[in-house]
Every structure is written in C-alpha cells, then in structure tokens.
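# Structural overview for review
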Amino acid sequence: MAKIYYNDDADLSVLSDSTVAIIGYGSQGHAHALNLRDSGVDVVVGLSEGSKSRAKAEAQGLRVATVAEAAAEADIIMILTPDQVQAEIYKNDIEPNLSEGNSLFFAHGFNIRFGYIQAPTGVDVAMVAPKGPGHTVRREFEAGRAVPALVAVEVDASGKALDKALAYAKGLGATRAGVIETTFTEETESDLFGEQAVLCGGTSQLVQYGFEVLTEAGYQPEIAYFEVLHELKLIVDLMIEGGIAKQRWSISDTAEYGDYVSGPRVISPEVKENMKAVLADIQDGTFAKRFMEDQAAGAPEFKKLREKGESHPIEATGRELRKLFAWNKADDDYTEGTAAR
C-alpha cells in the first residue's frame with residue numbers, strides 16, 4: 001500500500017530559514033516559484049543570461065538571478081529545466097556552487113536515474129513531482145485546492161531530506177490533495193512508460209490509425225476527426241471521474257458491447273508484449289541513451305519525427321474544424337504556429 005502524506009504530515013517551518021532556488025521558469029518553474037512565494041518561502045529564480053522569462057518572473061514580483069548566483073545563494077535548488085539540458089546546466093552553473101548541507105531537488109528523476117547528474121557527498125537529493133502541468137498546479141493552489149504529487153529521496157545526507165521535501169510539497173499546496181512516496185527509479189521508469197505506451201505515444205498512434213482507416217474507407221475526414229479524436233476527451237473525462245467502469249456505465253449499451261468485443265481485437269495481447277519491450281528499453285537505459293545522443297547532435301531524429309507528426313492529415317482537418325468551435329479561443333490552438341517553431 002502506498003504511503004501518502006497530507007498537510008498534518010508536513011511542516012512548512014522546515015523551510016523558514018532556507019532560500020529555495022527555482023532553476024527555470026517554464027510550465028513547472030513558474031508554478032513552483034509563485035506557490036512557494038505565496039506560502040511564505042524565500043524564493044529566487046535562476047535563469048540564464050538573456051532569458052526571455054526574466055521579465056515575466058520579475059513582473060510577477062520574483063527575485064531573479066543567474067543560475068550560478070541562485071545556486072550559490074540557495075539552500076535548496078530545484079532543477080526544472082528540460083531533461084536534455086539539465087546535466088549541462090548542473091555541471092556549469094550548479095555543481096561548482098553546491099555546499100555540504102545543500103539539497104538538490106527534481107520534479108522528474110530522469111537525470112538521476114540514468115546517471116547524467118551525480119551529486120557530491122553531503123548533498124541531499126530528493127524529488128517533488130506534481131502530477132499535473134504547471135498552469136494547473138498554480139490554478140488549483142490559487143483556488144485553495146491542489147494537484148497531488150510524488151515525493152522521493154535518493155540521497156539523505158542531512159537525515160532530513162524527506163522533511164524538506166514534504167515541506168516543499170506543502171509549499172506547493174500538494175499536501176492538500178496527497179503526496180505519494182516513491183523512488184527515483186519507480187517514478188522515472190513508470191513515467192516514461194506511461195508517456196510512451198499509453199498517454200502520448202499509444203494514444204496518438206491509435207488516433208492516427210483510426211483516422212486513416214476511416215478516411216481510406218471513404219468516410220469524410222471531418223467525420224473521422226470527430227469520431228476518433230474530438231470525442232476522446234469525453235471518454236477520458238469519464239474515466240477520470242470514475243474509472244473505466246464509469247465510462248462504460250455512461251455510454252450506450254451498443255458502445256459498451258463494442259468495447260468488450262472489439263477492444264481486444266485492436267489492442268491485442270501482442271500489444272502488451274510490445275509494451276513490455278518498451279518498458280525494457282526504458283529500464284536498461286536504451287531509450288535515455290537514444291534520446292540524449294540525438295539531442296546532443298542537434299536533435300535530427302526528434303525534429304524529423306515531429307515534422308512527420310505535424311504533417312499527418314488529421315492535423316490539417318483539426319485546425320479547420322476547431323475554428324468552428326465557439327468555445328475555443330484562437331490563441332488556444334497552438335498548432336496554428338507549428339510551421340514557425
């Protein structure tokens with residue numbers, strides 16, 4: 001049974017004499033910095049020289065310094081930059097400024113799990129990972145609610161790493177909803193698997209194949225789009241509310257029967273075996289090595305695959321249809337600018 005921590009299990013005063021450096025000011029970075037600041041924690045945001053995020057962070061009332069300056073000042077350093085650049089930032093700007101007794105925090109275990117970052121002796125290594133995008137973490141905090149989070153300790157040099165991590169989670173608001181204890185290995189491997197096999201890779205490929213099957217059979221692309229993509233959110237929302245059982249209870253008997261008899265024909269036992277192979281590549285570091293080597297070379301494979309995905313016919317169909325949705329603001333459809341990315 002998972003260990004879950006709530007407000008009464010965390011003491012925010014643990015951070016009362018500490019400065020927290022938030023490295024990066026993207027989706028997670030802005031939420032962490034603002035939530036901690038509003039919880040009474042001393043926060044400094046570490047950004048590279050010339051960062052476009054500097055003006056935004058300062059406009060929101062936050063102190064901003066270079067990454068090296070923030071790391072030198074802080075007691076706790078939370079690294080929230082993209083996985084592929086964390087090791088370089090750490091080596092150049094953070095590691096030289098670490099002192100014994102400092103704590104190195106992450107919101108995803110990738111660089112620790114696969115050895116791209118190794119903390120020096122005497123430094124805590126812990127994780128506080130909200131299970132939601134940054135804008136949701138911030139919005140829920142402001143509403144007095146919260147997004148649940150994961151917490152893990154890889155290195156407990158101080159003997160108080162878990163206390164610090166729970167205090168940090170409370171500052172984010174996460175202990176209002178619940179913070180589940182895990183490990184860097186479990187979080188990293190399960191997160192990568194979920195993204196690749198189900199949430200992103202699996203779902204995207206399933207939707208594209210469904211669109212292709214319908215349009216190749218002569219059905220209008222607009223109809224295919226609605227049936228395999230647009231309505232997906234309705235189904236997922238029902239699952240979030242009450243699991244697969246509620247989704248099946250809410251749909252028609254025809255749809256439920258089709259779920260039972262046709263689902264296993266599409267997602268066959270062979271798919272499960274393929275999922276196991278994906279997990280094996282994650283566990284033995286094959287995926288991490290492929291990703292990091294491609295990024296180091298300028299991301300040629302990544303860019304080629306992105307371009308291929310954006311050129312799929314379902315994207316053009318979707319862009320036109322979404323213009324008809326009165327409830328969608330035009331600048332909410334980020335695909336409008338993909339060509340200039």
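For the structure, see preceding data.
Summary of the structure given here.

The rules behind each value
Residues numbered from 1 in each chain as written. Predicted model: local features only at pLDDT ≥ 70, side-chain atom pairs only at ≥ 80, totals over all residues. Heavy atoms only, no water. Helix = DSSP H or I, 4+ residues; strand = E, 2+ residues; numbered from the N terminus. Rg over C-alpha atoms; globule rule 2.2 N^0.38 Å. Buried < 20%, exposed > 50% of the residue type's maximum accessible area, 1.4 Å probe, protein only. Contact = heavy atoms within 4.5 Å. Areas by Shrake-Rupley, 256 points an atom, 1.4 Å probe, with all protein chains shown as cover. Lys, Arg positive; Asp, Glu negative; His and termini not counted. Charge placed at Lys NZ, Arg CZ, Asp CG, Glu CD. Pairing = 2+ DSSP bridges. Axes fitted to C-alpha atoms, helices over the stretch in contact; angles between N-to-C directions. Expected span 1.5 Å × (residues − 1). Core = buried A, V, L, I, M, F, W, Y, C linked by side-chain atoms within 4.5 Å.

## Description of the overall build of the protein
Looking only at helices and strands, the protein has 16 helices and nine strands in total. Taking 20 Å as the expected radius of gyration for a compact globule of 341 residues, we find that the protein reaches 22 Å, a close match to that expectation. Overall size of the protein, expressed as C-alpha extent along the three principal axes, is 65 × 45 × 45 Å. In the protein, which comprises 341 residues, the share counted as buried stands at 40%. Within the protein, residue pairs in contact and separated by at least 24 positions form 64% of the contacts whose partners lie at least 6 positions apart. Of the roughly 18,900 Å² of accessible surface on the protein, 54% is carried by carbon and sulfur atoms. Counting 33 positive and 53 negative side-chain charges, the protein places the centres of these two groups 3 Å from one another.

## So, the sheet that holds strand β2 (residues 19–23)
The nine strands lie next to each other as β1-β9-β8-β7-β6-β5-β2-β3-β4, forming an open sheet whose pairing is mixed. Since the sheet does not close on itself, it has two edges, and those belong to β1 (4–5) and β4 (63–65), each with one partner. The pairing of β2 with strand β3 (residues 42–46) spans five bridges and is parallel. In the sheet register, Ile-22 faces β3, and the bridge partner there is Val-45. Docked against the sheet, helix α1 (residues 27–38) engages β2, β3, β5 (76–79) and β7 (124–130), running at close to 160 degrees with respect to β2.

## Examining the environment of Ala-87
Within the secondary structure, Ala-87 sits in helix α4 (residues 83–94). On the accessibility criterion, Ala-87 (19% relative accessible area) is buried. Sequence separation between Ala-87 and Gln-283 is 196 residues; the distance between their C-alpha atoms is 20 Å. Those residues within four positions of Ala-87 in sequence are excluded, and the remaining contacts are Asn-111, Tyr-116 and Ile-117.

## Digging into helix α7 (residues 161–172)
Taking 1.5 Å of rise per residue, 12 residues should cover 16 Å, and α7 covers 17 Å from first to last C-alpha, within 8% of that figure. In terms of burial, α7 is largely enclosed, as nine of its 12 residues are buried. At the C-terminal side of α7, Gly-173 shows a positive phi close to 100 degrees.

## Brief notes about the nonpolar core
Judged by nonpolar contacts, the single largest core of 33 residues is most densely connected at Ile-22 and Tyr-168. When residues of this core are traced back to their parent elements, those giving at least two are β2, α1, β3, β5, β7, β8 (149–155) and α7. Sorting elements by how many residues they give to this core places α7 first, with six residues. Setting aside anything within four residues of it in sequence, one finds Tyr-168 in contact with Leu-15, Val-20, Ile-22, His-32, Leu-36, Met-78, Phe-105 and Val-128.

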